[in-house]
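# Secondary and tertiary structure notes
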Amino acid sequence: MKDFSHVPVMLYETVDALITDTEGVYVDGTIGGGGHSEEICRRLTGEGRLIGLDQDDDAIAAARARLSFFKERADIIRSSFADMDEVLDERGIGKVDGIMLDLGVSSFQLDEAARGFSYMNEDAPLDMRMDRRQSLTAADILKSYSEQDLYRIIRDYGEEPFAKNIAKHIVRARSEKPIETAGDLNAIIRAAIPAKMRASGGHPSKRTFQALRIEVNRELTILADSLDAMIDRLKEGGRLCVITFHSLEDRTVKEAFRRNENPCTCPPGFPVCVCGKVPKGKMMTRKPILPGEDEIKSNSRSKSAKLRVFIKQTGEVKK
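By convention here, each chain's residues receive numbers from 1 onward along its written sequence. Totals for whole chains, interfaces and linings use all residues, but because this is a predicted model, local features are given only for residues with pLDDT of at least 70 and pairs of side-chain atoms are given and counted only at 80 or more. With hydrogens and water set aside, each side-chain value is computed from the structure's full complement of heavy atoms.

Time to look at empty space enclosed by the protein. In this analysis a 1.4 Å probe is tested at points of a 1 Å grid over the protein atoms alone, and where it fits but cannot get out there is a cavity; an open set with protein on both sides within 12 Å along at least five of seven lines is a pocket; lining residues have an atom within 4 Å of a point. Grid points are joined across faces, edges and corners, and a volume is the space filled by probe spheres set on the points. Throughout the structure, instances matching the rule amount to one cavity of 30 Å³ or more. Residue lining of the largest cavity: 28 residues in total, with Thr30, Asp102, Leu103, Gly104 and Met130 positioned closest to the centre. Strands are runs of DSSP state E lasting at least 2 residues, helices are runs of H or I lasting at least 4, and numbering of each runs from the N terminus. Mapped onto the lining of the largest cavity, the elements with two or more residues apiece are helix H2 (35–43) and helix H12 (219–233). It is H12 that provides the largest number of residues to the lining of the largest cavity, a total of four residues. Three categories are distinguished: nonpolar for Ala, Val, Leu, Ile, Met, Phe, Trp, Tyr, Cys and Pro, charged for Asp, Glu, Lys and Arg, and polar for the others, with Gly belonging to the last. Split into classes, the residues belonging to the lining of the largest cavity amount to nine nonpolar, 15 polar and four charged.

Shown next as structure tokens:
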């Protein structure tokens, strides 16, 4: 196996926004190869502590090796950030000073053919599991989902304009032989998209592969279900920093942050809030933080990245 690599996107922007107390407790919910976590640990002093989580066994091994210098300051656990409360409770940790998520697929996962994340590796199996302890793979979805369900996920998670035709071609192709490799799926997608449309907009399989990966790992569902609990886990003044890489992730984060900033459900005309829902904080900036030109030039995968930061500040509803 190659070394697990993932160039940390917006490293200093993220860690600068995250750390408010160098002796605090911070959680990296998607530790990957440990790039962001290494910078966090470098800045911690005294009782400062990092809890690092990841579902990927390769990522956990790489992060433990990379952060071994920091010894007990870095506690690395194979777990989903969806189970963050349970992990922290088991360690007797209450509120934390900061939480970060880097939702991007790692360079290793994209480049390692056996993981099946990339449409560029024609012979790769259609796997796409972040956590290889689960059984469901992309190949299973292509084999068992109905045409309507395939259409739904390719349309909703891939934002693919030819989703209906791609789903139809998948069902037709699988009746003749199993769809087992990236090359098999690429050929089906090429046949389903008009030639003049394939000539522009990047690789024709990009959106469908994204959709399958999101479905396999339940990425948007888990993200949407976890953000409120993360905000609740923060100390007053603590930060939640989330790096996203496509519009669906960013929309999920933005909506959750807005809801926690302004949870009041009273009609606009009410002079006083009667619903009793209190804001939990505010977004650090109205617009997301973006990578600079130099970073985009040196790391093309950072181009679509957006960083949003939520600051925990409980208070009264303002009408």
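There is about 900 Å³ of room inside the largest pocket. Forming the boundary of the largest pocket are 29 residues, of which Leu110, Tyr119, Lys206, Gln210 and Arg213 lie nearest the centre. Those elements that place two or more of their residues in the lining of the largest pocket are helix H5 (107–111), helix H11 (206–217) and helix H13 (247–261).

For the rest of this paragraph, the subject is H2. Count 3.6 residues to each turn of an α-helix, and residues three or four apart come out pointing the same way. Relative accessibility under 20% of the residue-type maximum defines a buried residue, over 50% an exposed one, and the middle range a partly exposed one, all with a 1.4 Å probe and only protein chains included. Counted residue by residue, H2 has seven buried out of nine residues, so it is predominantly covered. All of the buried residues in H2 are Gly35, His36, Ser37, Glu38, Glu39, Ile40 and Cys41.

For strand E4 (residues 96–102), a buried count of seven out of seven residues is recorded, marking the element as mostly surrounded by other parts of the structure. In terms of strand pairing, strand E1 (residues 25–28) meets E4 through three bridges, oriented parallel. Bridged to Asp28 within E4 is Met100. Two strands pair when backbone bridges link them, and E4 and strand E5 (residues 234–244) are joined in this way by six bridges, in the parallel orientation. Among the inter-strand pairings, Asp102 is bridged to a residue of E5, identified as Ile243. Any two strands with at least two DSSP bridges between them are considered paired.

We now examine the environment of Ser304. Tracing the backbone shows Ser304 in the loop between helix H14 (293–298) and strand E7 (306–312). The class for Ser304 is partly exposed, based on a relative accessible area of 40%. Taking C-alpha positions, Ser304 is 9.0 Å from Ser247, a pair spaced 57 residues apart along the chain. What makes two residues a contact is simply this: any of their non-hydrogen atoms within 4.5 Å. Leaving out residues up to four positions away in the same chain, Ser304 has contacts with Thr244 and Phe245. N or O atoms closer than or at 3.5 Å make up a polar contact, with two conditions inside protein: a donor-capable atom paired with an acceptor-capable one, and, for residues adjacent in sequence, both atoms drawn from side chains. Reaching out from Ser304, the side chain makes a polar contact with the backbone oxygen of Phe245 at a distance of 3.1 Å.

With that settled, consider the nonpolar core. Within the largest apolar cluster, 34 residues are counted, with the highest numbers of intra-cluster contacts made by Leu126, Ile170 and Leu185. Sorting the residues of this core by element identifies helix H6 (138–144), helix H7 (147–158), helix H8 (163–174), helix H9 (182–192) and H11 as the ones contributing at least two each. With residues up to four places along the chain from it excluded, the contact list for Leu185 reads Leu126, Leu142, Ile170, Ile179, Phe209 and Leu212. By nonpolar core we mean a set of buried residues, namely Ala, Val, Leu, Ile, Met, Phe, Trp, Tyr and Cys, connected to one another through side-chain atoms within 4.5 Å. In terms of nonpolar packing, the next biggest core, distinct from the first, is built from 27 residues, Val27, Met84, Val87 and Leu240 among them.

Time to look at the pattern of salt bridges. Between Lys or Arg on one side and Asp or Glu on the other, a salt bridge is scored when a side-chain nitrogen of the former is within 4 Å of a carboxyl oxygen of the latter. As enumerated under the stated definition, the model contains 29 salt bridges in all. Across the pair Arg286 and Glu261 runs a salt bridge whose closest N-O atoms are separated by 2.7 Å. Taken as a pair, Arg286 in the loop between strand E6 (281–283) and H14 and Glu261 in helix H13 lie far apart in primary sequence, 25 residues in all. Judged by its relative accessible area of 54%, Arg286 is exposed.

Take the pairing of strand E2 (residues 49–54) next. Within E2, five of the six residues are buried, which leaves it mostly tucked inside the rest of the structure. Pairing analysis gives four bridges linking E1 to E2, with the strands arranged parallel. From the neighbouring strand, Val27 faces E2, where its bridge partner is Ile51. Seen with its strands pointing away from the viewer, a crossover is right-handed when the path leading from the first strand over the helix to the second is clockwise. Taking the sense of rotation as the criterion, the β-α-β connection linking E1, H2 and E2 turns out right-handed. Here five bridges tie E2 to strand E3 (residues 74–78), and the two strands are oriented parallel to one another.

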